[in-house]
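Structural overview
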Amino acid sequence: MFGFRKSEKREATFTQSEPRSFMEIVGLSGSATVSMEEALGVPAVWAAINFLSGTIAGLPLNVYDVDIKGNKKKVKATKLNPVVDVLHSAVNDSYSSFQWRFDMFNAIFTEGRSVTYIERNKQGQPVNLFPLVNATVERMDDGRKRYKHQAGGVTRYYDQANVLDVTFMLKADLLSHRSPLRQCAVAIGKAVNSNSYGSKLFANGGLPSFALTGPFGSGKAATRASDDIAQATKKAASEGGNVLAIPLGHELKALGADPDKMQLVEGQSFAVVEIARIYQLPPTFLQDLTRATFSNSEQQDLHFVKHTLKRWIEQFEAEMNLKLFGRNSTRYVEFNMDGILRGDYVTRMTGNSTAIQTGQLTPNEARKLENREPKPGGDVLYIQGATVPLEGQKSPTVKTPPIKE
């Protein structure tokens, strides 16, 4: 089915805490390495991951059922519908639904993958969800996938139908995946190195490293001179002095380039834009308000929902609908994004008014969107009576004015 021989199995491992060197992954050797923890130490990376994960975790998640006529109805949490409470409140006895979704997308936006086991009752209904950390996935002889997980010295295998598997990007073998942080290690590494250089520079009182040259009699003399210069430099920096005395015949030269000529500030600003590109975020959401205005902020909200959030929402919904309910099921889950798209007050009021006058919303439904209490008589649909079909209009009688002789 996938071009593999029956005796061939492929296995991919994915872990959420693998301490690998970014520079090794991209084929660059040297002492400057960037770990996952160091990458998360970049404020733009930290902000992007937490913003996306928190936004998706905070969206209302509802379960709907479609009747014979095609009308959808919201399913309420009952003993016959345990999946509603699982997705809305708690995925298991010790894990809330919000925290599960938040941690799941944290794993996706860092390591690139998150898997969750679906525990079912005797009727086949999902009753618990358990994240599988440090699991492996393998292709079976019939082309299907199964997941292997080891915990407490016990190895368990899970069928693909009982595992929620959400990835950032799969590779060509459809087993292994790509991590956004590891794949874009060079760009993130520049941000890490820039922060590290700036930290060392300011720790030294804003003074760069120096090279001391002169007639040293021995190696010990050179070491003592180096220590003396280092102490004098720190003292001058701490006391705000701008003069440093150098012995006759010696010369002090700065090592490296001037931070201003290196465009250190500009480089850090560009790193924010690069990281925003990795996660397809407008820089505004990473607190970069350089090009933000009052007029384009709302448009950037719409851009975020249409081109970034929609992709992850649909992928997550599709995975849950397939694995929780199976193919051809009339039941499905759906995120409610009305709160994000509400816009400003005038726009909301205009939209609600139009929806009420055109019979799309009842007054109480519009009040519910604004978190207001329902009112008696507000559950009736209204429509403007002055709007009639064009064919129903009578031709006006045109009177011809008399012709004067």
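As a reminder, the structure under discussion sits directly above these lines.
Below is a short write-up of the structure.

Reading the values: the criteria
Residues numbered from 1 in each chain as written. Predicted model: local features only at pLDDT ≥ 70, side-chain atom pairs only at ≥ 80, totals over all residues. Heavy atoms only, no water. Helix = DSSP H or I, 4+ residues; strand = E, 2+ residues; numbered from the N terminus. Buried < 20%, exposed > 50% of the residue type's maximum accessible area, 1.4 Å probe, protein only. Contact = heavy atoms within 4.5 Å. Areas by Shrake-Rupley, 256 points an atom, 1.4 Å probe, with all protein chains shown as cover. Expected span 1.5 Å × (residues − 1). Pairing = 2+ DSSP bridges. Salt bridge = Lys/Arg side-chain N within 4 Å of Asp/Glu carboxyl O. Axes fitted to C-alpha atoms, helices over the stretch in contact; angles between N-to-C directions. Phe/Tyr/Trp six-rings, centres within 6.5 Å; stacked < 30°, edge-to-face > 60°. Lys NZ or Arg CZ within 6 Å of the ring centre and 35° of its normal. Polar contact = N/O pair within 3.5 Å; in protein donor to acceptor, adjacent residues only side chain to side chain. Core = buried A, V, L, I, M, F, W, Y, C linked by side-chain atoms within 4.5 Å.

Within the protein chain, the regular secondary structure consists of 12 helices and 14 strands. Expressed as a percentage of its 405 residues, the buried residues of the protein chain come to 33%. The long-range fraction of contacts in the protein chain, counting pairs at least 24 apart against all pairs at least 6 apart in sequence, stands at 64%. Accessible surface, the protein chain as shown: approximately 25,700 Å² in total, 54% of it carbon and sulfur.

The next subject is helix 5 (residues 97–110). Taking 1.5 Å of rise per residue, 14 residues should cover 20 Å, and helix 5 covers 20 Å from first to last C-alpha, within 8% of that figure. With 11 of 14 residues buried, helix 5 lies mostly within the body of the structure. Residues of helix 5 that are buried include every one of Ser97, Trp100, Arg101, Phe102, Met104, Phe105, Asn106, Ala107, Ile108, Phe109 and Thr110, and no others.

Moving on: the pairing of strand 10 (residues 154–159). The side chains of a regular strand alternate, first on one face of the sheet and then on the other. Pairing analysis gives 6 bridges linking strand 9 (residues 145–151) to strand 10, with the strands arranged antiparallel. Across the sheet, Ala151 pairs through a bridge with Val154, a residue of strand 10. Hairpin connection from strand 9 to strand 10: 2 residues lie between these consecutive antiparallel strands, with Gly152 at a positive phi of about 65°.

Let us look at the pattern of salt bridges. Enumeration according to the criterion identifies 9 salt bridges in this entry. Between Lys310 and Glu314 there is a salt bridge; the shortest N-O distance is 2.8 Å. A residue pair is termed a helical-turn pair when its members lie 3 or 4 positions apart in one helix, as Lys310 and Glu314 do in helix 10 (residues 297–325) at 4 residues. Taking the shortest distance from any N to any O, the salt bridge between Lys323 and Glu319 comes out at 2.6 Å. On the criterion of helical spacing, the pair formed by Lys323 and Glu319 is a turn pair, its members being 4 residues apart in helix 10. Take Lys323: its relative accessible area is 12%, and that puts it in the buried class.

Right, let's get into the side chain of Ser53. Looking at where Ser53 falls in the secondary structure, it is placed in helix 3 (residues 43–57). Each residue touching Ser53, except ones within four places of it in the same chain, is listed here: Phe102, Phe105, Asn106 and Phe109.

What follows is about the sheet that holds strand 2 (residues 61–66). Spatially, 3-2-14 is the arrangement adopted by the 3 strands of the open sheet, whose pairing is antiparallel. Since the sheet does not close on itself, it has two edges, and those belong to strand 3 (72–74) and strand 14 (331–335), each with one partner. On average, each strand axis in the sheet is inclined to that of its neighbour by 40°, with strand direction left out of account. In this sheet, strand 3 lies alongside strand 2 in antiparallel orientation, the contact comprising 3 bridges. Counted as the bridge partner of Tyr64 is Lys74 from strand 3.

In this section: the packing of aromatic side chains. Considering all chains together, one arrives at 16 aromatic pairs under this definition. Pairing Phe51 with Phe304 gives two aromatic rings, centres 5.2 Å apart and planes at 45°, and the pair type is tilted. Here Phe51 is found in helix 3, whereas its partner Phe304 is found in helix 10, with 253 residues between them in sequence. When the centroid spacing of 5.0 Å and the interplanar angle of 40° are considered together, the rings of Phe285 and Phe304 count as tilted. With a gap of 19 residues between them, Phe285 in the loop between helix 9 (264–278) and helix 10 and Phe304 in helix 10 connect regions that are remote in the sequence. The exposure classification of Phe285 matches that of Phe304, with both residues buried. A connected cluster of aromatic rings, assembled from ring pairs, spans Trp100, Phe105, Phe109, Phe168, Tyr279, Trp312, Phe316 and Phe335. Of note, Lys72 hangs over the ring of Tyr64, and the distance from its end group to the ring centre comes to 4.4 Å.

Here we come to the pairing of strand 7 (residues 126–131). When strand 6 (residues 113–120) meets strand 7, the two strands line up antiparallel, connected through 5 bridges. Each residue of the ladder has a partner; that of Ile118, found in strand 7, is Leu129. Once strand 6 ends, the chain turns through 5 residues before running back antiparallel as strand 7, passing Gly124 with a positive phi of about 85°.

On the basis of relative accessibility, which here comes to 13%, the residue Glu319 falls in the buried class. Here Asp165 takes part through its backbone nitrogen, which lies 2.9 Å from a polar atom of the side chain of Glu319. Ignoring any residue separated from it by four or fewer positions in sequence, one finds Glu319 in contact with Val163, Leu164, Asp165 and Val166.

Here we come to the nonpolar core. Counting 56 residues, the largest nonpolar core has Leu87, Phe109, Leu129, Leu181, Tyr279 and Met320 as the members making the most contacts within it. Among the elements that line this core, the one with the most residues is helix 10, at 9 residues. Once you skip the residues sitting within four places of it in the chain, Leu87 turns out to touch Leu61, Val63, Ser97, Arg101, Leu129, Met320, Leu324 and Val333. Within the second largest apolar cluster, 8 residues are counted, among which are Val115, Val137, Tyr147 and Tyr158.

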